[in-house]
Amino acid sequence: MSIRYLHTMVRVKDLEKTMEFFRLLGLEETRRIDNDKGRFSLVFMAPPDQHECPVELTYNWDGDEGLPSDSRHFGHLAYRVENIYEMCQKLHDAGVTINRPPRDGHMAFVRSPDNISIELLQEGESLPPQEPWASMENTGHW
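Keep in mind that this is a model prediction, so the values were computed, not measured.

Scanning the protein chain from N- to C-terminus turns up two helices and eight strands. Each helix and strand of the protein chain, ordered N terminal to C terminal, gives the series β-α-β-β-β-β-α-β-β-β. For the protein chain, the C-alpha radius of gyration of 16 Å lies close to 14 Å, the compact-globule estimate for 142 residues. Expressed as lengths along the three principal axes of its C-alpha atoms, the size of the protein chain is roughly 50 × 35 × 30 Å. Considering the protein chain as a whole, with its 142 residues, one finds that 39% of them fall into the buried category.

This is how it looks when you write it as structure tokens:
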């Protein structure tokens with residue numbers, strides 16, 4: 001018996017804002033299903049060379065009052081990045097709060113507009129500590 005990873009699904013309140021956040025991370029839309037009868041959209045986004053590892057953004061057209069305010073009920077999404085400092089700077093410059101800065105040159109956490117916890121991990125060995133990240137405190141929770 002075999003098993004294969006398909007995707008991680010998260011519910012979102014603002015589809016466009018959330019898609020823009022994932023585009024900042026470098027993901028692209030790979031597939032979309034708009035279901036008129038069920039009044040929802042499923043948008044799959046993945047890194048350009050890893051379409052087999054998507055995140056599924058589920059958007060209910062009539063709102064989703066059941067969406068938890070913390071959205072940590074599923075844990076987090078994790079992505080390996082080429083340069084954690086450059087990625088965090090790009091996100092910071094776009095107004096994204098770096099909840100857990102990459103003080104160790106290896107790991108950081110941010111949150112999407114829908115409060116989805118995203119872990120960023122440095123590819124390969126940790127980078128040497130670098131300011132302003134090395135002295136930056138955590139913000140909120142991650």
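Moving on from the coordinates now.
Quick look at the packing of aromatic side chains now. To describe a pair of aromatic rings, one takes the distance between the centres and the angle between the planes. On inspection of all chains with the given rule, the structure shows one aromatic pair. Judged by centre distance (5.3 Å) and plane angle (80 degrees), the ring pair of F21 and F22 falls under edge-to-face. Each member of the pair, F21 together with F22, is buried. Over the face of the ring belonging to F44 we find R31, whose NZ or CZ atom lies 4.0 Å from the ring centre.

Right, let's talk about the layout of surface pockets for a bit. In this structure, the largest pocket encloses a volume near 450 Å³. Lining the largest pocket are 20 residues; nearest its centre among them are L27, P47, Q50, Y79 and R80. Element by element, the count of residues in the lining of the largest pocket is highest for strand β5 (residues 77-81), at five residues.

Attention shifts here to helix α2 (residues 84-93). Residues spaced three or four apart along an α-helix point in a common direction, a consequence of the helix completing one turn every 3.6 residues. Among all positions of α2, only I84, Y85, M87, C88 and L91 are buried. The buried residues of α2 all sit within an arc of 165 degrees when viewed along its axis, so they share a single face. The exposed set on the far side of α2, more than 90 degrees from its buried face, consists of E86 and D93. Buried residues belonging to α2 abut α1 (15-24), β5, β6 (98-100), β7 (107-111) and β8 (117-122). Among the residues of α2, the N-terminal cap falls to N83, whose side-chain oxygen and the backbone nitrogen of Y85 are separated by 3.0 Å.

A few words on the nonpolar core. Core analysis: the biggest nonpolar cluster contains 29 residues, and F22, L25, L57, I118 and L120 have the highest contact counts within it. Listing elements by their share of this core, those giving two or more residues are β1 (8-12), α1, β3 (40-46), β4 (55-60), β5, α2, β7 and β8. Once residues lying within four places of it in the same chain are set aside, the contact partners of L25 are Y79, M87, L91, I118 and L120.

With that out of the way, let us pick up unusual backbone geometry. Most peptide bonds take the trans configuration, and most residues that are not glycine carry a negative phi. The peptide bond linking E131 to P132 adopts the cis configuration, its omega dihedral lying at 5 degrees. Despite not being glycine, R39 shows a phi value in the positive range, around 55 degrees. Inspection of the secondary structure assignment puts R39 in the loop between β2 (28-35) and β3.

Close approach of charged atoms allows side chains of opposite charge to pair. Scanning the entire structure with this criterion turns up four salt bridges. Of the charged contacts in the structure, one is a salt bridge between E29 and R32, with a shortest N-O distance of 3.0 Å. Here R100 and D104 are joined by a salt bridge, their closest N and O atoms 3.5 Å apart.

Conventions we followed
- Residues numbered from 1 in each chain as written.
- Predicted model: local features only at pLDDT ≥ 70, side-chain atom pairs only at ≥ 80, totals over all residues.
- Heavy atoms only, no water.
- Helix = DSSP H or I, 4+ residues; strand = E, 2+ residues; numbered from the N terminus.
- Rg over C-alpha atoms; globule rule 2.2 N^0.38 Å.
- Buried < 20%, exposed > 50% of the residue type's maximum accessible area, 1.4 Å probe, protein only.
- Phe/Tyr/Trp six-rings, centres within 6.5 Å; stacked < 30°, edge-to-face > 60°.
- Lys NZ or Arg CZ within 6 Å of the ring centre and 35° of its normal.
- 1 Å grid on protein atoms, 1.4 Å probe; cavity = no way out; pocket = protein on both sides within 12 Å on 5 of 7 lines; lining within 4 Å.
- Points joined across faces, edges and corners; volume = space filled by probe spheres on them.
- Arc of directions from axis to C-beta.
- Contact = heavy atoms within 4.5 Å.
- Polar contact = N/O pair within 3.5 Å; in protein donor to acceptor, adjacent residues only side chain to side chain.
- Core = buried A, V, L, I, M, F, W, Y, C linked by side-chain atoms within 4.5 Å.
- Salt bridge = Lys/Arg side-chain N within 4 Å of Asp/Glu carboxyl O.

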